[in-house]
Amino acid sequence: TNTLIATVMQKLPEIRSTQEQMANPEQWSRLSEEEQGIITSRLDDNEREVKHALPLCNKILHMFGYLNTDPDIRSLFLLGELCPRLVNMLLHVLGKLVGSKGLDLKVNNPEQYEFRPMAMLRDLCAIFALFAFSNDFQLECAKSGCNPDLLRTAVKTCQRYSLLTTGESMTALESLP
């Protein structure tokens, strides 16, 4: 899952950059046909990879949130081997979605890739909320250098767009360090 999400988060800015480059006729026409072909081929490869990986990422995040509503399952992810990896993955994706480079993920026609950043943020924040009351989870967040501004931005975005449906989830998310 980590590799899949990391790949998507790497490829989306590359797609955006290429789309911007191709949308600028002056810049695009300065390139040779060979350079244009290479760039177009790379774009096709990136799009194919994202179209393949992103639907699975969406399903995994949603399923992960659903499964962890069960305290017994949630406790398994708090074990010493898994908790640091979970926290790092969640913080990485959160940083990409609401961090300073969040706009780099904004591609033309995101639905063609099944890229739904608000749904992804909702699922991500719901997962954070499920684990928020765990001391182990909070400790791993602190060890991982969790940026409080990043969490505040996530909370504000969730509030602005009513992403978390229960006040309980919102309170739990706000309680993170």
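Rules and cut-offs
Residues numbered from 1 in each chain as written. Predicted model: local features only at pLDDT ≥ 70, side-chain atom pairs only at ≥ 80, totals over all residues. Heavy atoms only, no water. Helix = DSSP H or I, 4+ residues; strand = E, 2+ residues; numbered from the N terminus. Buried < 20%, exposed > 50% of the residue type's maximum accessible area, 1.4 Å probe, protein only. Contact = heavy atoms within 4.5 Å. Areas by Shrake-Rupley, 256 points an atom, 1.4 Å probe, with all protein chains shown as cover. Lys, Arg positive; Asp, Glu negative; His and termini not counted. Charge placed at Lys NZ, Arg CZ, Asp CG, Glu CD. Patch = residues over 30% accessible without salt bridge, like charges linked within 9 Å, V, L, I, M, F, W, Y side chains within 5 Å. Salt bridge = Lys/Arg side-chain N within 4 Å of Asp/Glu carboxyl O. Arc of directions from axis to C-beta. Polar contact = N/O pair within 3.5 Å; in protein donor to acceptor, adjacent residues only side chain to side chain. Axes fitted to C-alpha atoms, helices over the stretch in contact; angles between N-to-C directions. Parallel < 35°, antiparallel > 145°, perpendicular 65-115°, else oblique. Left-handed = near helix turned anticlockwise from the far one by under 90°. Nonpolar A, V, L, I, M, F, W, Y, C, P; charged D, E, K, R; others polar.

Visitor: Help me get a handle on the overall build of the protein chain, residues and values and all.
Guide: Across its full length, the protein chain holds 9 helices and 0 strands. Ordering the α and β elements of the protein chain from the N terminus gives α-α-α-α-α-α-α-α-α. Overall, the protein chain is about 55 × 30 × 25 Å in size when its C-alpha atoms are taken along their principal axes. In the protein chain, which comprises 177 residues, the share counted as buried stands at 41%. Once local pairs closer than 6 in sequence are excluded, the contacts in the protein chain between residues at least 24 apart make up 77%. For the protein chain, the accessible area works out to roughly 10000 Å², and carbon and sulfur atoms hold 53% of it. The distance from the centre of the 18 positive side-chain charges to the centre of the 22 negative ones in the protein chain is 3 Å.

Visitor: Let's hear about the environment of Gly102: which residues, and what values?
Guide: Turning to its location among the elements, Gly102 is positioned in the loop between helix H5 (83-98) and helix H6 (117-131). In the structure, Gly102 is positioned 32 residues away from Asp70 in sequence and 31 Å away in space, judged by C-alpha atoms.

Visitor: An account of a nonpolar patch on the surface is needed here, citing residue identities and associated values.
Guide: A grouping of Met63, Tyr66 and Leu67 is seen on the molecular surface, where their side chains present a nonpolar patch of about 330 Å² in accessible area. Along the chain, the position of Met63 falls in helix H3 (residues 33-67).

Visitor: How would you sum up helix H7 (residues 135-143)? Please name residues and give values.
Guide: The set of residues buried in H7 consists of Phe137, Glu140 and Cys141. In an axial view of H7, the angular spread of the buried residues amounts to 105°, which keeps them on one side of the axis. Exposed and facing more than 90 degrees away from the buried side of H7 are Asn135, Ala142 and Lys143. Buried residues along H7 sit in contact with H5 and H6. Of the residues that open H7, the one with a side-chain oxygen 3.3 Å from the backbone nitrogen of Asp136 is Ser134.

Visitor: Which residues make up the packing of helix H8 (residues 148-160) against helix H9 (residues 167-174), and what values do they have?
Guide: Packing of H8 against H9 brings their axes to within 10 Å, and their N-to-C directions diverge by 160°. With respect to H9, the element H8 is oriented roughly antiparallel. Note on packing geometry: the crossing formed by H8 with H9 is left-handed. Between H8 and H9, the contacting residues are Val155, Cys158 and Gln159 on the first element and Met170, Leu173 and Glu174 on the second. Here the residues of the contact of H8 with H9 sort into 4 nonpolar, 1 polar and 1 charged.

All we've got here are geometric facts, nothing functional implied.
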